[in-house]
Amino acid sequence: MFCYHCQEAKKNIACDTAGICGKKADVSSLHDLLTYTLKGLSFYAVKAAEAGINEPNIDQFTARALYSMVTNVNFDPAVFVQLIAETVQRREYLKRLLTAKNVQLNGAIPEEAQWQYETIDQAAWVKIGETFGVMAAGELSGEQADLHAAREMLMYTAKGLGALLEYIQVLNVFHVEHYAFMHKLVAYTLQADVSLDDLLAMSFKAGERSLLVMELLEQVNAEKFGQPEPTTVHLDTWEKPGILVTGHDFQDLHDLLEQSAGSGVDIYTHGEMIEAHSYPAFKKYFNLVANYGGAWQDQKTQFSKFKGPVLVTSNSLQQPKKDYTDKAYTSGMVGWPDIAHIDKRRSSEAKDFSAIIEQAKQCEPPTPITKGVVTVGYGLHALCALTEAIVTGINAGDIQRIIVVVGCDGRHKERRYYTELVQSLPQDTLILTAGDTKYRFHDLELGAINGIPRLLDVGQTHDFHALLAFLTHLQKAMQLSHLSELPVSFNVAWYEQQTILMMLALFALGIKDVRIGPTLPPFFSAGILEKLTQTLAVKGIDTPENDIAAMLGIEVVPAEPQEIETASQTNI
Ligand code: SF4
């Protein structure tokens, strides 16, 4: 096993015996075999598209399979065995379609597009996967190490893109051009005659593409659930039993609310699902009462205390503890062996959540762990409504700088940096955030500038597009020629593959001085880092005081260190 997909890779090098996330070596090996076979499938999908053959089922399958390997999505080896078999079968189907059209393929067929199996054999496939992992080529150095790392990074961007496309396709929306790019991206990892610059250029294109896909997801969510609007969310608990919903799948939340209305069961959000409270479609449900707990990494303690069933709808799953194993449910591509899974939708029918609702009725109400309120829902429309006030504030010197702090939360204690950073920023700074890194600071009292809240929570990770779209709007309102001329600094708290896309999108836009933390990605090899540093001044984080001084270009007297309680830590 050698996995350095995410920020929690052991010692910031790689998980080599078992994943910090809970991924076991056999699953890691099956990921490697699935990745290998998906490259072969995408190789043929690109050839098929060139020949005018488009197979939406294969496109959607590929996005789903890529997403299944995103950190904290699925831990069930049986799922990956099925996906590997299906990948090979779908690849063979594409080959038959090409043959039927008499399409001759020029050049060599990569080994990844030729792998076959006689019988489905999990144990054998685990062994085979071990030969296709990151270290399959052995210890590399110099240019070879850089090329290898850049190809790995491309696959992580493909997995992040797969996640975004899966969020869209579960809402029955399909835009072929994004899938065509996805296949090209995956197939590009097979090209031998490319330089590091070529590979980095392709990864920047993936960042650009991700913004288009994020924009589509925003539009689809707005069409189905309305435009998000600033909304106060309660963090306390009520006296009825509840169901806790985490992840990103608003359709799951919607179906559950429909089916539980009037049942006497309250629904609580967790993690990034907190943003649902800001969408008009969810406001009509009186049993959507509050957000419970904090970010994904606190789930083991918090799910135990919740008492009722928990539904994990997307990438935020940890191994369920014994005391709530029988009350944990997964849906979509999320899974853990022997944990109850809600069947997928059949055509236009809703998923059936009756078992969860019936179980909740027998449970005690949640144990209070958090209290107070936070405000979410500064989506693109709400932000644009503040444009004039923000421009006036900047021109008058009331707003010195906008600090963007986006991305994921995680277990590393170094992530206290984000709390301390936001807490220490001067009063004349605005903070824009998206993703669940907000749990590090969203309950701090930060005040307002000329009536504008200093902390503006734009939404989930993918709402990063809305955040950038607003900054572009602001740039135009201030008649500036480039985003980087705005008084804005970017700080990306990375964790998994969607946050890699965030970084790459900023690089593609030519934004300099992006800070990445709490650690730099382990797949930024020496050569990759050198290029990013030289061209874009990409950097890791320092102390909050030093970073604030650098971002503002001033000397900052550090505040006295204080013990800070975040929402997820506030014990009652
Ligand atoms: S996904 Fe992250 S935590 Fe899990 S095995 Fe890979 S590097 Fe380790």
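This structure is a prediction, so every number in the text was calculated from the model and none was measured.

Calculation notes
- Residues numbered from 1 in each chain as written.
- Predicted model: local features only at pLDDT ≥ 70, side-chain atom pairs only at ≥ 80, totals over all residues.
- Heavy atoms only, no water.
- Salt bridge = Lys/Arg side-chain N within 4 Å of Asp/Glu carboxyl O.
- Helix = DSSP H or I, 4+ residues; strand = E, 2+ residues; numbered from the N terminus.
- Buried < 20%, exposed > 50% of the residue type's maximum accessible area, 1.4 Å probe, protein only.
- Near = heavy atom within 4 Å.
- 1 Å grid on protein atoms, 1.4 Å probe; cavity = no way out; pocket = protein on both sides within 12 Å on 5 of 7 lines; lining within 4 Å.
- Sits in = over half its atoms within 2 Å of the grid points.
- Nonpolar A, V, L, I, M, F, W, Y, C, P; charged D, E, K, R; others polar.
- Pairing = 2+ DSSP bridges.
- Contact = heavy atoms within 4.5 Å.
- Axes fitted to C-alpha atoms, helices over the stretch in contact; angles between N-to-C directions.

Below, the discussion takes up the pattern of salt bridges. Considering all chains together, one arrives at 16 salt bridges under this definition. The residue Glu86 makes a salt bridge to Arg90 at a minimum N-O spacing of 2.9 Å. With a gap of 4 residues between them, Glu86 and Arg90 both fall in helix H3 (residues 77–100), about one helical turn apart. One salt bridge connects Lys361 with Glu358, and the closest N-O pair in it is separated by 2.9 Å. With Lys361 and Glu358 both in helix H11 (residues 354–361) and 3 residues apart, this pair spans about one turn of that helix. Classification of Lys361 by relative accessible area gives partly exposed; the value is 36%. Judged by relative accessible area, Glu358 falls into the partly exposed class, the value being 42%. Put simply, Arg91, Glu92 and Lys95 are held in one network by salt bridges that share partners.

What surrounds the ligand is the set Met1, Cys3, Tyr4, His5, Cys6, Ala9, Cys15, Gly19, Ile20, Cys21, Lys23 and Thr71. In this structure, the ligand is accommodated by the second largest cavity. When grouped by side-chain class, the residues that make up the shell around the ligand number 8 nonpolar, 3 polar and 1 charged.

Attention now goes to the sheet that holds strand E9 (residues 401–407). Neighbouring strands of a sheet are bound in pairs by backbone hydrogen bonds; such pairs are parallel or else antiparallel. Across the sheet, 6 strands lie side by side as E13-E10-E9-E14-E15-E16; this open sheet has parallel pairing. On the outer flanks of this sheet lie strand E13 (455–459) and strand E16 (539–540), each paired with one strand and no other. Alignment of strand E15 (residues 515–517) against E16, held across 2 bridges, turns out to be parallel. From the neighbouring strand, Arg515 faces E16, where its bridge partner is Lys539. Across the sheet, helix H18 (residues 544–552) touches E9, strand E10 (429–434), strand E14 (488–493) and E15, and the angle it forms with E9 is around 130°.

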